[in-house]
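What follows is each chain in one-letter form.
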Amino acid sequence: MEKQEYTITLYTENSIGMIGRISGIFSRRKINIESLNTSPSEVENIHRFTILITESEEVVRKLCRQIEKQVEVLKAYYNTDEELIWQEQALYKVPTDIIAEKAPVERLLREYGASAVVIRNDYTVFETAGHREEIDKLTAELTKYRLIEFVRGARIAIIKDSAGFHSKLKQFEREEPAPEVVENEFLDQGDNVFTM
């Protein structure tokens, strides 16, 4: 099967070591994570992982099933770029004198929707968001004007045809209500039951 970019979205409990366990699943299968972002989700105490990989659909499907076997993982989705609204963020550090002297740099930054975050005498830091290709083009252009430093953030994405994970939880609760709490009949007989 042909490999392509897939964005995997995971909803997990917020527990220590989740990033290590999730990334371990990828490394054991020798799958390179191109981008990894984790953040709180729309549901309290539930975190969202957004992971970008290049693989075949069959491998990604098996991978998501394997990830869902982790106790703290509530749900794993995978989507192509066409099924998502996604962005990456970037920061650029450029000499301030270049921006002041060169009108094309200012036009270029305006064209890509970059806005100044910090302006100092020696450098100016700009931020922008967009698709990887747009960020790569702006980076290549700014390299011509003594680009000092550049960093790109991980992909963030929202699934186009999704009502959100919160609605999935509510649906699950309606279909699979929690059983009534049953008192343990042996609770007050600890010494009699748990003897060695």
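Above this text is the structure in question.
This structure is a prediction, so every number in the text was calculated from the model and none was measured.

1. Some remarks on the sheet that holds strand β3 (residues 46–55)
In step 1: With antiparallel pairing, the four strands of this open sheet are ordered in space as β2-β3-β1-β4. The strands lining the two open edges of the sheet, one partner per strand, are β2 (35–40) and β4 (73–79). The mean inter-strand angle of the sheet, taken between neighbouring strand axes irrespective of direction, is 15°.
In step 2: Here β2 runs beside β3; their pairing, made up of six bridges, is antiparallel. Paired with P40 across the bridge in β3 is H47.
In step 3: Where helix α2 (residues 57–68) meets the sheet, its contacts fall on β1 (4–13), β3 and β4, and the angle it forms with β4 comes to roughly 170°.

2. Quick word on helix α4 (residues 103–111)
In step 1: Buried within α4 are the following residues: V105, L108 and L109. Looking straight down α4, one finds its buried side chains confined to an arc of 95°; they lie on one side. With respect to the buried face of α4, the exposed residues turned more than 90 degrees away are R110 and E111.
In step 2: Turning to α4, the residues buried within the fold contact α3 (96–101), β7 (123–130) and α5 (132–143).
In step 3: Note on α4: the residue one or two positions beyond its end, G113, has a positive phi of about 70°.

3. Description of the side chain of S56
In step 1: One can find S56 in the loop between β3 and α2.
In step 2: If we ignore the near neighbours within four places in the chain, the residues touching S56 are M1, E2, K3 and Y6.

4. Observations regarding the packing of aromatic side chains
In step 1: Under the definition given, this model contains three aromatic pairs.
In step 2: Between the aromatic rings of Y6 and Y78, the centroid separation amounts to 5.8 Å while the plane-to-plane angle is 70°, which identifies the pairing as edge-to-face. Of the two residues, Y6 is situated in strand β1 and Y78 in strand β4; the sequence distance between them amounts to 72 residues.
In step 3: The positively charged end of K75 is found above the aromatic ring belonging to Y77, 5.7 Å away from the centroid.
In step 4: We note K93 situated over the ring of Y123; from NZ or CZ to the ring centre the distance is 4.5 Å.

Basis of the calculations
- Each chain has its residues counted from 1, following the order in which its sequence is written.
- Local features in this predicted model are restricted to residues of pLDDT 70 or higher, and side-chain atom pairs are both shown and tallied only at a pLDDT of 80 or more, whereas totals for entire chains, interfaces and linings draw on every residue.
- The side-chain numbers reported here are obtained from all heavy atoms of the structure, hydrogens and water having been left aside.
- Two strands pair under a simple rule: DSSP has to find at least two bridges between them.
- Working definition: helices are DSSP H or I runs of at least four residues, strands are E runs of at least two. Numbering for both runs from the N terminus.
- Here an axis means a line fitted to C-alpha atoms, over the contact stretch when the element is a helix, while the angle between two N-to-C directions is reported on a 0 to 180 degree scale.
- Only heavy atoms matter for contacts: two residues are in contact if any of them lie within 4.5 Å across the pair.
- Only protein chains enter the area calculation, which uses a 1.4 Å probe; residues under 20% of their type maximum are buried, those over 50% are exposed, and those in between are partly exposed.
- Throughout, the arc means that of the directions going from the helix axis to the C-beta atoms.
- Side-chain rings of Phe, Tyr and Trp, where Trp is taken by its six-membered ring, are said to pair if the distance between their centres is within 6.5 Å; with planes under 30 degrees apart they count as stacked, over 60 as edge-to-face, and otherwise as tilted.
- Charges are assigned to positions over rings by a cutoff of 6 Å between ring centre and Lys NZ or Arg CZ, combined with an angular limit of 35 degrees from the ring normal.

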